Amino acid sequence: MGWETVEFRKVMVAGAGQMGSGIAQVAAQAGLEVWLRDVEERFVERGLATIRKHLDRDVEKGRKTAEEREAILGRIHPTLDLGPAAGVDLVIEAIVENREAKRSLFAELDRLAPPGAIFASNTSSLPITDLATATRRPDRFIGMHFMNPVPVMKLVEIIRGLDTSEETYAAIRDLAGRMGKTPVEVHDFPGFVSNRVLLPMLNEAMFAVYEGIASVEDVDTVMKLGMNHPMGPLELADFIGLDTCLYILNVLYEGFKDPKYRPCPLLVQLVQAGHHGRKTGQGFYRYEADGSRVPAVRLRA
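The rules behind these values
Residues numbered from 1 in each chain as written. Predicted model: local features only at pLDDT ≥ 70, side-chain atom pairs only at ≥ 80, totals over all residues. Heavy atoms only, no water. Salt bridge = Lys/Arg side-chain N within 4 Å of Asp/Glu carboxyl O. Buried < 20%, exposed > 50% of the residue type's maximum accessible area, 1.4 Å probe, protein only. Helix = DSSP H or I, 4+ residues; strand = E, 2+ residues; numbered from the N terminus. Phe/Tyr/Trp six-rings, centres within 6.5 Å; stacked < 30°, edge-to-face > 60°. Lys NZ or Arg CZ within 6 Å of the ring centre and 35° of its normal. UniProt positions renumbered as here; feature names shortened; annotations may be inferred. Expected span 1.5 Å × (residues − 1). Arc of directions from axis to C-beta. Contact = heavy atoms within 4.5 Å. Axes fitted to C-alpha atoms, helices over the stretch in contact; angles between N-to-C directions. Parallel < 35°, antiparallel > 145°, perpendicular 65-115°, else oblique. Left-handed = near helix turned anticlockwise from the far one by under 90°. Nonpolar A, V, L, I, M, F, W, Y, C, P; charged D, E, K, R; others polar. Pairing = 2+ DSSP bridges.

Caption draft 1: Representation of the pattern of salt bridges in the model. Scanning all chains against the criterion turns up 22 salt bridges. Between lysine 102 and glutamate 97 there is a salt bridge, and its shortest N-O distance comes to 3.6 Å. A relative accessible area of 1% places lysine 102 in the buried class. Taking relative accessible area as the criterion, glutamate 97 reaches 11% and is therefore assigned buried. Between aspartate 243 and lysine 279 there is a salt bridge, with the nearest N and O atoms lying 2.8 Å from each other. With aspartate 243 in helix α10 (residues 242-256) and lysine 279 in the loop between α11 (265-272) and β9 (285-287), this pair connects stretches of sequence that are 36 residues apart. You can call lysine 279 exposed: its relative accessible area is 54%. Bridged by salt links that share partners, the residues Arg52, Asp56, Arg69 and Glu70 form one connected network.

Dropping the structure here:
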């Protein structure tokens, strides 16, 4: 694959969770053949069901035709095997936010994928330069951080590692545009821009509850009505996943050695208890079967 003729036609999305399924959808909508891979069939099936639900809603609202929906779904190929990576132009990794898991996956993919294939990580905080050293292609390794929910949010942070080539950056920037996204170039520092700014705000909201300043609902109400945020910070933390929030804060704390990134003890306690937010049914709120929610953390006296 020479740079003068680079054109992405086939992509593997590694990880079929909330982010991976969204990335697979926008890639298929851009006309790419997509292999959506995860380690268990139930994860892949759940990812496909999420994609179909999003596309069904687009058809209902008149944004797509039924024929377009079926064409998009027809370009997505579920798999439990990494073998199809041998025939792709690009791999986008969207697995759990864990350094060792990502490095292990990329090392395996590096043995399978063609030498010219580009690797992109959807990491929300981990250094691209470090992840790239798990491969023999640091020049063709880059960060491609999508926002959640991927089919809706326009932003993609494009993060160059120390050895990422200009050609790799240009190819991925252009692909983001083809996917209907707005790419923003970001330097390779912990948390990039989005989470370096967002996570301290969420953490401070958690401290406001932890220190007994205001209740969960009241903190969220202040930010929604006072700052015109569409979602309160504690509701947003539950949506992201409290375990993910804690992991990113620890990456920032370790990366900068700055106490302003110290995770709130209440966040640590909730994660230790297994209360990770919406995905476990409880975090700062408890999520009921009927779709309602009630605060699950009491104000300290």
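Caption draft 2: Up close: the packing of aromatic side chains. Inspection of every chain in the model, using the stated rule, returns 5 aromatic pairs. Three or more aromatic residues joined by ring pairs make a cluster, and in this case those are Phe106, Phe119 and Phe141. The aromatic ring of tyrosine 169 is capped on one face by arginine 160, whose charged end is 4.1 Å from the ring centroid. Here the basic side chain of arginine 293 rests over the ring of tyrosine 285, its NZ or CZ set 4.7 Å away from the ring centre.

Caption draft 3: The UniProt feature "domain: 3-hydroxyacyl-CoA dehydrogenase NAD binding" (unreviewed entry) in the protein chain, seen in detail. Feature annotation in UniProt places "domain: 3-hydroxyacyl-CoA dehydrogenase NAD binding" (unreviewed entry) on residues 10-188, given in this structure's numbering. For residues 10-188, the helix share is 41%, the strand share is 22%, and the end-to-end C-alpha distance is 27 Å.

Caption draft 4: Local environment of the environment of leucine 162. Here leucine 162 shows up in the loop between β7 (155-160) and α6 (166-178). Residue classification places leucine 162 among the exposed positions, given a relative accessible area of 72%. Sequence separation of leucine 162 and isoleucine 142 is 20 residues, and the distance between their C-alpha atoms is 9.6 Å.

Caption draft 5: Region of interest: helix α8 (residues 216-227). For α8, built from 12 residues, the straight-helix expectation of 16 Å at 1.5 Å per residue is met to within 8% by its first-to-last C-alpha distance of 16 Å. Looking only at α8, the buried set comprises Val216, Val219, Asp220 and Met223. The arc that holds the buried residues of α8, viewed along the axis, is 95 degrees, so those residues lie on one side. Seen from the open side of α8, the exposed residues pointing more than 90 degrees away from its buried face are Leu225 and Gly226. At its buried positions, α8 is contacted by α7 (194-210), α9 (233-240), β9 and β10 (293-295). Residue asparagine 228 follows α8 closely and has a positive phi angle near 60 degrees.

Caption draft 6: Main features of the packing of helix α2 (residues 41-60) against helix α3 (residues 66-74). Relative orientation of the contacting elements α2 and α3 amounts to 160 degrees, with a least axis distance of 9 Å. One finds that α2 runs roughly antiparallel with respect to α3. Note that α2 runs across α3; the crossing there is right-handed. Across from Ile51, Arg52, Leu55, Asp56 and Val59 in α2, the residues of α3 making contact are Ala66, Arg69, Glu70, Ile72 and Leu73. Among the residues making up the contact of α2 with α3, the classes are represented as 6 nonpolar, no polar and 4 charged.

Caption draft 7: Spatial organisation of the pairing of strand β4 (residues 90-93). A two-sided burial pattern is seen for β4, the buried positions comprising Leu90 and Ile92 on one face and Val91 and Glu93 on the other. Judged from the 4 bridges that link them, strand β1 (residues 10-14) and β4 form a sheet pairing that is parallel. What sits directly across from methionine 12, in β4, is valine 91. In this sheet, strand β5 (residues 118-121) lies alongside β4 in parallel orientation, the contact comprising 4 bridges. Directly across from isoleucine 92, in β5, lies its bridge partner alanine 120.

Caption draft 8: How the structure looks around the packing of helix α1 (residues 18-29) against α2. It is the contact of α1 with α2, at a shortest axis distance of 9 Å, that shows an interaxial angle of 55 degrees. When the axis of α1 is compared with that of α2, the two are oblique. Here α1 and α2 pass one another in a crossing that is right-handed. Taking contact as the criterion, the partners of Ser21, Ala24, Gln25 and Gln29 in α1 are, on α2, Gly47, Thr50, Ile51, His54, Leu55 and Asp58. Its residues assigned to classes, the contact of α1 with α2 shows 3 nonpolar, 6 polar and 1 charged.

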